[in-house]
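So the chains spell out like this:
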Amino acid sequence: MGKKRVVVIEGEDASPEAVQPTVALIDKLNLGIEWVRPPVGDAGISLHGSAFPEEAREAIDESDATLFGATSGKSAPALFYLRWGKSTYANLRPSRWIPGYKSPLAKPEGIDFVIVRENLEDLYLMAEGDLEELRPLGLTSLTARRPVADMGPGRFALKVITERGAEQVVRFSFELARRRKAKGRPGKVTTATKHNMLRQSDGLFLEVAQKVAASYPDITFESLIVDNFAHIMTSAPQKLDVAVMPNLYGDILSDGAAGLIGGLGLAPSGCYGDSYAYFESAHGTAPDIAGQNMINPTATLLSAVMMLDYLGFVEEAARIEKAIELVYAGGRVLTRDQGGTASTTEFCEAIAENL
Ligand code: ATP
């Protein structure tokens, strides 16, 4: 395996406090990863007058993956490039409870599911406007039974689902379910859509999923209405394996899924395309705890585990994951969000000792 090159974008507020020790920990494994830190955000502005200069775009293009912190906005242009520029259409957000995680549930044992959020379409096109702009289209609401433009003054947001967009993320989810099944999971894909109301858009997502499902006879397929999915996810999350859904539902429900296992500090995420992937924790920049060395780096560490897997360092990824499990099982060195008193540094030292 050739030398791997990874772009690191630390992000803002408390985010670098989680990213820096994560990179340091991976370095202890001597994988020969070349870390590239292009100027992005404030650094980009002071060096090149741009939050996302050409140099940063090139660095991403020439790398195998990016490890991204979280951004409060300054590094957002880089994030947009990583997502839309690199077509990373599948945002994989695992929720696996491990002993020691402070879940609010009485019985979190056995929670091990993944939300695959479509990452590029739906309401996230940011195509919004004034209702008047719709007048020439003569678009009529099926429920209000009148031209949408007549409902104004007001605004609209476009929800777009394409056949190709739905197909690629659903196929990704079935492939993932297959790989998980090979490791003992049930091999099931669940869609969560509001196809009973949004018959055209979510209806298309479901239709595409049903077609793709037909070519995976070894994987169980179920479709749920998204509100029912939310109920099952919170009342019987152990029933889920791989859940795939349009962007907005996935964004919201995956934060809920993080809450189920013990909070945002534990929730990793990876965004995959056909030729690139980037990895970031599901949480934001945690500005309220910035500079205090108390951010829980588990989400970032587990995102890095997903990245090492993607880069082909499967055994090393498993080693870090095991070390994290041991620290939580020990229950002595935990960060504040998990009911402990350990600093980020102390937590990372404990992980390193268990590597
Ligand atoms: P965004 O909109 O980018 O998701 P946000 O401000 O809504 O950001 P977060 O930055 O994720 O949300 O923070 C929400 C709360 O969770 C904050 O109180 C923050 O301190 C806490 N939090 C988030 N991540 C962690 C973490 N890794 N460790 C400890 N606390 C965290």
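Everything numeric in this text was worked out from a predicted model, so none of it was measured.

(A) Quick peek at the packing of aromatic side chains. For the structure on display, the rule yields 10 aromatic pairs. For the pair Y101 and Y328, a centre-to-centre distance of 4.8 Å together with 85 degrees between the ring planes defines the contact as edge-to-face. Residue Y101 is located in the loop between β4 (90–96) and β5 (112–118), and its partner Y328 is located in helix α10 (residues 314–330); the two are separated by 227 residues in the primary sequence. Assessed through its relative accessible area of 1%, Y328 is described here as buried. Consider the rings of Y272 and Y310, whose centres lie 5.9 Å apart with planes at 70 degrees: the pair is edge-to-face. A residue pair is termed long-range when its members are at least 10 positions apart, and Y272 in strand β11 (residues 270–272) and Y310 in helix α9 (residues 298–311) qualify at 38 residues. For Y272, a relative accessible area of 11% gives the class buried. The class for Y310 is partly exposed, based on a relative accessible area of 31%. An aromatic cluster is present here, built from F172, Y272, F279 and Y310 joined pairwise through their rings. Note that K86 overlies the ring of Y276, its terminal NZ or CZ placed 5.0 Å from the centroid.

(B) Quick look at the site of the ligand. Residues in close proximity to the ligand include L264, G265, H283, G284, T285, A286, P287, D288, I289, I295, N296 and D337, which together make up its full environment. At 3.2 Å, a backbone N or O of T285 approaches an oxygen atom of the ligand. Separating an oxygen atom of the ligand from a side-chain N or O atom of D288 is a distance of 2.7 Å. Of the residues that constitute the shell around the ligand, the class distribution is 5 nonpolar, 5 polar and 2 charged.

(C) Quick peek at the sheet that holds strand β12 (residues 277–280). Pairing is mixed across the open sheet formed by 10 strands, whose spatial order is β2-β1-β3-β12-β11-β4-β5-β10-β8-β9. Every interior strand has two partners, whereas the edge strands, β2 (34–36) and β9 (220–225), have only one. Along the sheet, successive strands turn relative to each other by an average axial angle of 25 degrees, direction set aside. By the bridge criterion, 3 bridges tie β11 to β12 in an arrangement that is antiparallel. Pairing of C271 across the sheet is with Y278, part of β12. Contacting β5, β8 (188–193), β9 and β10 (242–245), helix α6 (residues 201–214) crosses the sheet at an angle of about 165 degrees to β8.

What counts, and at which threshold
Residues numbered from 1 in each chain as written. Predicted model: local features only at pLDDT ≥ 70, side-chain atom pairs only at ≥ 80, totals over all residues. Heavy atoms only, no water. Phe/Tyr/Trp six-rings, centres within 6.5 Å; stacked < 30°, edge-to-face > 60°. Helix = DSSP H or I, 4+ residues; strand = E, 2+ residues; numbered from the N terminus. Buried < 20%, exposed > 50% of the residue type's maximum accessible area, 1.4 Å probe, protein only. Lys NZ or Arg CZ within 6 Å of the ring centre and 35° of its normal. Near = heavy atom within 4 Å. Polar contact = N/O pair within 3.5 Å; in protein donor to acceptor, adjacent residues only side chain to side chain. Nonpolar A, V, L, I, M, F, W, Y, C, P; charged D, E, K, R; others polar. Pairing = 2+ DSSP bridges. Axes fitted to C-alpha atoms, helices over the stretch in contact; angles between N-to-C directions. Contact = heavy atoms within 4.5 Å.

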